[in-house]
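For reference, the chains in residue letters:
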Amino acid sequence: MMPQSNVMVTAPLKMEREAELRSLLASMNEVPGKVNPANLLVPFEKFEQLHFARFVILQDQTLEDIHTAYGLPRVDYPLALAFIADVDGTADDFRNDLARRAADGLQRIFSCCQGFTPGEDPARWMKDHENPAAAMYKNWRGRTVRQIHEENALRLALEAHLQSNPASIAGKTQHQIHQALREFVHVEALAGRLTLTDPPPTPFGWWLQNLIHFIGVPLLLLLLTPFLILYLPVFIYQLRSREKTDMEIAPPVGLSYEQKLARLEDYDVTNQFTVMGAIKPGLFRLWTMSFLLWVLDWTARHIYIRGHLARISTIHAARWVFLNDKKRMVFASNYDGSLDSYMDDFINKVGWGLNLVFSNGVSYPTTNWLVLDGSKDEQKYKYVLRRHQLPTEVWYKAYPGLSAFDLKRNTLIRQGIEQSDMSDHELRQWVALF
Amino acid sequence: MGGAFLNKGNMPSSVDYADVQGLVRFGFAKMTEACYLLLRIKDPAAAREWLRSAPITTAEEKKPLPQTALQIAFSCDGLEKLQVPDGVMAGFSAEFRLGMAGEENRSRRLGDTGANSPERWQWGGSGNVPHAVIMLFAEPGWLEGWKQSIRGKSWNAAFDEIACLPTTDMGGVEPFGFIDGISQPEIDWAQTRKVSINGDQLQYGNVVCLGEFLLGYSNEYGRFTDRPLLDPQERGSEELLPAADQAGKKDLGLNGTFVVMRQLQQDVRRFWQFLDKASNSDRDARYKLAEAFVGRSYSDGGPLVPLSKAPIPGVGNSGNDAKRRQDIDRNQFTYDSDVDGTRCPYGAHIRRGNPRNADIPGETKGLISHLIHILGFGDKNVRDDLLASTRFHRVLRRGREYGTKLSPEGALQPAPSDDGQRGLHFVAVNANITRQFEFVQNAWMARTKFDGLTEESDPLLGNREAVPGCPFTNTFSLPQENGVRRRVMDVPQFIAVRGGAYFFLPSLRAVRYLCKIGS
């Protein structure tokens, strides 16, 4: 299996160059919300290891909330640029590749950030400004961009074959259909019209590290359990007293901000989503959130690796990242459908999970016992999300037109093609994938 | 704040039907004549003058039945023209204020691109949004007189008539020839429905909370949908009742709701001629394919899947015995009996429009099974949990057909040079336009990825516009038992949007408020 990595570079802007940066980023789009994948600054399409990428200016709209809700002084963090990417292979390889093939573009973009000296090595600089994710979710661990393209070509070829040769399947059993399609793929592959590359071997070091993580986290949890149980009554007291007093801040966003966000959305079947906000003050919330993200990250690395995160199957990738000494958090995701259906999915399918993490953020709708209510206050929850959302200036997806379910179907079709024999039940399900 | 204001302890008040416009409760079926007057307000004072004595029909049951009815609804522009203060307007939802055609993003989501683009609309596009719609309904022979009589003294000074959209009584079928308006949500007028805020509803039901269709009442989330709430010192607010969920506020939305209007032009000839070609001019195959597109039987409106043995709450509960029987025959079903889509294709119009699912799929008997499902591990089939829960996305349909009726056989003939237009004035009632109408139109009708499908939109409503990265958007899949699906290719666009707008359907009290302000 190909190990995958994620990159998130953040750096404060040079204030005097904000306008320049904004126009540079805008020049990477055909229209706002629709990237030019071959743009001259960072020609994303040339990077065959790149799944998703975005440039976003971190301009928190809710800086006043910490004062409104807790009377603490407002902190005016400098605007920052974030570059986010999900890639196959190691982050180092990607940074080096990017620095080599998009050198001029990166120089121009990063020159607008503090601490970047024109001429310096962007790869090194990106590494120094990396912001590791507290938790990271990927829809299908190990599935590479190359695999996605090959499997999509496979499905399209099979669909076209079925469509133009109806006689080849008429009256045939599922077993015969399976064999006929395997034969077709075999011929196409020999003729060089279809390629299904075998997954690369898993590097031993990565495998070992993954295994240690897989065993280590539960082991540590087990060791901690007695202490956690002892702490539980105190935790409940701390939680409940906060839940009763924490303030919700949930007005709808103004029409102009609403339009600013909306005009970037719904060009592709997948959309980008970037939100940021402050974490509730005090160690209790920070530790609760850190602990839950630690557990979430473990489940996303070892359990939710095949097409769904709990009941949600529309997220391609998502990350939770702490910023500014864990005073603030960014959540960034790539999801299928419109924002409204994404939020409905969230509320109705994993409302409890959202509450667990996001209720530790300032302004979130009131929860009870950490998992109840909160996001179930539908309209408030949607307003809170929209209020914390940032316009994603540049957003790239390597496989436009394909939803997470499409990718899953294509992978299952390929798995069926590569299997010489299946049970009747498996065959039935496989044939129904077309 | 938070959940504290829910109907805990205090009983919900019963609905004052005299304050609600009749459309929310009745379809005015006996009044087979109808038209929609699209208006712009010339002079707000004159408009208010007319409004003061407007014969608005309420939701009260009257005996004998009235022979005519009038309903009025205002767009955002219309309310602004009537001088509703900015602070009050800010209490309306963003989609209502921006309008159906107000943003390119909304047009993308609703499928209003290409031939459906608002620039091509006859009404409702930029600069052409009506301020108000007056819906007139009458028993046969009464409409023309009713239209004249409602105008009154101040009418000419008050309004410019942009259009008078006529309708046709096609005898209960829509222009393609299928029985229309078969399935409607059963509104819980008595407010006895209990929704659990944190729990899942495990069965599909057709009874829907009043708050989904009328503002000022609890909705399917157990909350009140946002609407403008006024301070008591605000001008005109003495006409309004207090808000049930916020002490000290007056409720402008209470007993009002939103109306979505879309003029859908149906190319009936293209529809039947395409089906004829796709079925090699075999008459039975042609009707069978049409039924697969729609998801219901052409002859009797029954579903393509077997009826459920167990009753469904809200199906077959009202009317006389014959009505109940008919409702059961047509609506006592879900798609649990057809997870393979071999009887009713996944993409059939009525399966898209109302997937009839519960909050959580599959068998969830017992706590452990429920927990497994919640964590996302209970699915048996690859498509098991792809759809959103239906109960949050229902709309009440009150549309009427227009144009000359054409039989399916007549539609196979070439069009005469004077062939008229025909279609549906789609009218939907809902309290939250984005979560109800827009969601259904976007995620279920227009989206080519609905329910694990790819490369196809709604067979009737889809615009077939290209989706970047997808080779087609114009197919229709018919899953087959024990075989590979059959795929119909090159399905053209049959329905074009010709106009549309979002309106606020005020309560009678809110109408009195509108008469008070500005003057």
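Residues numbered from 1 in each chain as written. Chains lettered and ligands numbered in written order. Predicted model: local features only at pLDDT ≥ 70, side-chain atom pairs only at ≥ 80, totals over all residues.

Trainee: Mind showing me how you'd approach the overall build of chain A here?
Mentor: For chain A, the count of helices and strands is 14 helices and 12 strands. Judged by the C-alpha coordinates and their principal axes, chain A covers about 75 × 55 × 45 Å. Here chain A holds 434 residues, and the buried ones make up 44% of them. Put simply, of all contacts in chain A between residues at least 6 apart along the chain, 77% involve residues at least 24 apart. (Helix = DSSP H or I, 4+ residues; strand = E, 2+ residues; numbered from the N terminus. Buried ≥ 20, exposed ≤ 12 C-beta atoms within 10 Å, placed from the backbone. Contact = placed C-beta atoms within 7 Å.)

Trainee: Could you clarify how one ought to interpret the sheet that holds strand β9 (residues 328–336) of chain A in this entry?
Mentor: Across a sheet, strands are paired by hydrogen bonds formed along the backbone, either parallel or antiparallel in direction. Residue and element names in this part refer to chain A. Read across the open sheet, the 4 strands follow the order β6-β8-β9-β7; overall the sheet is antiparallel. Where the open sheet ends on each side, the last strands, each with one partner, are β6 (135–138) and β7 (270–278). The average undirected angle you get between the axes of adjacent strands in this sheet is 10 degrees. When β6 meets strand β8 (residues 315–323), the two strands line up antiparallel, connected through 4 bridges. Following the sheet pairing, Ala-135 is matched in β8 by Trp-320. (Pairing = 2+ DSSP bridges. Axes fitted to C-alpha atoms, helices over the stretch in contact; angles between N-to-C directions.)

Trainee: Looking at this model, I keep getting lost on the domain arrangement of chain A. Mind explaining?
Mentor: Interface size is often expressed as the accessible area that is lost when the parts come together. Residue and element names in this part refer to chain A. According to the domain assignment, chain A consists of domain 1 (4–142 + 202–397) and domain 2 (145–198 + 403–431). One C-alpha centre belongs to domain 1, the other to domain 2; they are set 36 Å apart. On the domain 2 side, the residues contacting the 15 residues of domain 1 number 8 residues. Put simply, the parts of the chain that give the side of domain 1 that touches domain 2 at least two residues each are β4 (50–58) and β8. For the side of domain 1 that touches domain 2, the per-class residue count stands at 4 nonpolar, 8 polar and 3 charged. (Domains from an automatic or database assignment. Nonpolar A, V, L, I, M, F, W, Y, C, P; charged D, E, K, R; others polar.)

Trainee: What is the right way to look at unusual backbone geometry in this model?
Mentor: Backbone geometry follows two general trends: most residues other than glycine have a negative phi, and most peptide bonds adopt the trans configuration. Residues and elements named next belong to chain B. For the bond running from Lys-63 to Pro-64, omega is -5 degrees, close enough to zero to count as cis. In this fold, Pro-64 is placed in the loop between α1 (44–52) and β2 (68–74). Of note, the phi angle at Asp-490 is positive, near 55 degrees, even though the residue is not glycine. If you trace the backbone, Asp-490 turns up in the loop between β14 (486–488) and β15 (495–505). The exposure class assigned to Asp-490 is exposed, which follows from the 12 C-beta atoms found within 10 Å.

Trainee: I would appreciate a short explanation of the nonpolar core in the present structure.
Mentor: A general feature of soluble globular proteins is that nonpolar side chains tend to end up buried together. Among the nonpolar cores identified, the biggest contains 219 residues, and Ala-82 of chain A together with Val-133, Leu-136, Phe-258 and Phe-503 of chain B are the most heavily contacted of them. A per-element tally of this core places helix α11 (residues 339–358) of chain A first, with 9 residues. Two domains share this core, each providing at least three of its residues, namely domain 1 (4–142 + 202–397) and domain 2 (145–198 + 403–431) of chain A. The residues touching Leu-136 of chain B, leaving out its near neighbours within four places in the chain, are Ala-34, Cys-35, Leu-37, Leu-70, Leu-143, Trp-146, Lys-147 and Ile-150 of chain B. Counting residues in each nonpolar core, the second largest holds 14 residues, with Ile-169, Val-185 and Trp-430 of chain A together with Val-484 of chain B among its members. (Core = buried A, V, L, I, M, F, W, Y, C linked by C-beta atoms within 7 Å.)

Trainee: Can you walk me through the confidence of the model for chain B in this structure?
Mentor: Residues and elements named next belong to chain B. Residues with a pLDDT of 70 or more make up 97% of chain B, whose mean pLDDT is 94. Across residues 1–10, confidence stays below pLDDT 50; counting only partners more than four residues off in sequence or on other chains, it has 14 contacts. The ipTM, which scores confidence in the relative placement of chains, is 0.96 for this predicted complex, and the corresponding pTM is 0.97. (pLDDT = per-residue confidence, 0-100.)

Trainee: Is there a simple way to think about the packing of helix α6 (residues 145–164) of chain A against helix α13 (residues 404–417) of chain A in this case?
Mentor: Helix-helix packing is described using two parameters, namely the angle between the two axes and the distance between the axes. All names here are of chain A. Contact pair α6 / α13: the axes reach a minimum separation of 9 Å and the direction vectors enclose 75 degrees. Classified by the interaxial angle, the pair formed by α6 and α13 is roughly perpendicular. For the pair formed by α6 and α13, the contact residues are Ile-148, Glu-151, Asn-152, Leu-154, Arg-155 and Leu-158 on the first element and Leu-407, Asn-410, Thr-411, Ile-413 and Arg-414 on the second. (Parallel < 35°, antiparallel > 145°, perpendicular 65-115°, else oblique.)

Trainee: Explain the interface of chain B and chain A here, please?
Mentor: Every contact between the two is made by 48 residues of chain B and, on the other side, 49 residues of chain A. Elements with a minimum of two residues in the side of chain B that touches chain A: α4 (94–98), α5 (104–110) and α14 (434–446) of chain B. Ranked by residues supplied to the side of chain B that touches chain A, first place goes to α14 of chain B with 5 residues. Residue composition of the side of chain B that touches chain A, grouped by class: 20 nonpolar, 13 polar and 15 charged.

Trainee: Explain the sheet that holds strand β5 (residues 80–88) of chain A to me, please; I cannot follow it from the model alone.
Mentor: All names here are of chain A. What the 4 strands build is an open sheet, ordered β1-β5-β4-β12; its pairing is antiparallel. Of all the strands in the sheet, just β1 (4–12) and β12 (394–397) have a single pairing partner and so form its edges. The sheet shows a mean angle of 10 degrees between the axes of neighbouring strands, direction not considered. Of the pairings in the sheet, the one linking β4 to β5 comprises 8 bridges and is antiparallel in character. What sits directly across from Leu-50, in β5, is Val-87.

Trainee: Explain the pairing of β5 of chain A here, please?
Mentor: Taken residue by residue, a regular strand's side chains alternate between the two faces of the sheet. Residue and element names in this part refer to chain A. Buried residues dominate β5, accounting for 9 of its 9 residues. Burial along β5 is two-sided: the residues Ala-80, Ala-82, Ile-84, Asp-86 and Asp-88 and Leu-81, Phe-83, Ala-85 and Val-87 are all buried. Pairing between β1 and β5: 9 bridges, direction antiparallel. The residue of β5 that forms the bridge with Ser-5 is Val-87.

Trainee: Where do I start with the environment of Asp-338 of chain B in this structure?
Mentor: Residues and elements named next belong to chain B. As for its position among the elements, Asp-338 is in the loop between α10 (321–331) and α11 (349–353). The spacing of Asp-338 and Gln-493 is 155 residues in sequence and 27 Å in space, taken between C-alpha atoms. Contacts of Asp-338, omitting those with residues within four sequence positions, involve Val-305, Arg-343 and Cys-344.

Trainee: Would you mind going over helix α8 (residues 204–245) of chain A with me for this structure?
Mentor: Because an α-helix packs 3.6 residues into every turn, residues spaced three or four apart end up facing the same way. Between its first and last C-alpha atoms α8 of chain A spans 50 Å; for 42 residues at 1.5 Å apiece the expected length is 62 Å, and the helix comes up short by more than 12%. Along its length, α8 of chain A shows its largest kink, about 50 degrees, at Thr-225 of chain A, and proline Pro-226 of chain A lies within four residues downstream of that point. (Expected span 1.5 Å × (residues − 1). Bend = angle between axes of the 7 residues up to and from the residue.)

Trainee: Help me out: how do you make sense of the pairing of strand β12 (residues 422–430) of chain B in this one?
Mentor: All names here are of chain B. Burial runs high along β12: 9 of the 9 residues are buried. Where strand β9 (residues 257–266) and β12 come together, 8 bridges link them in antiparallel fashion. Counterpart to Gln-265 in the pairing with β12 is Gly-423. When strand β11 (residues 400–403) meets β12, the two strands line up antiparallel, connected through 4 bridges. In the strand pairing of β12, Arg-400 is matched with His-425.

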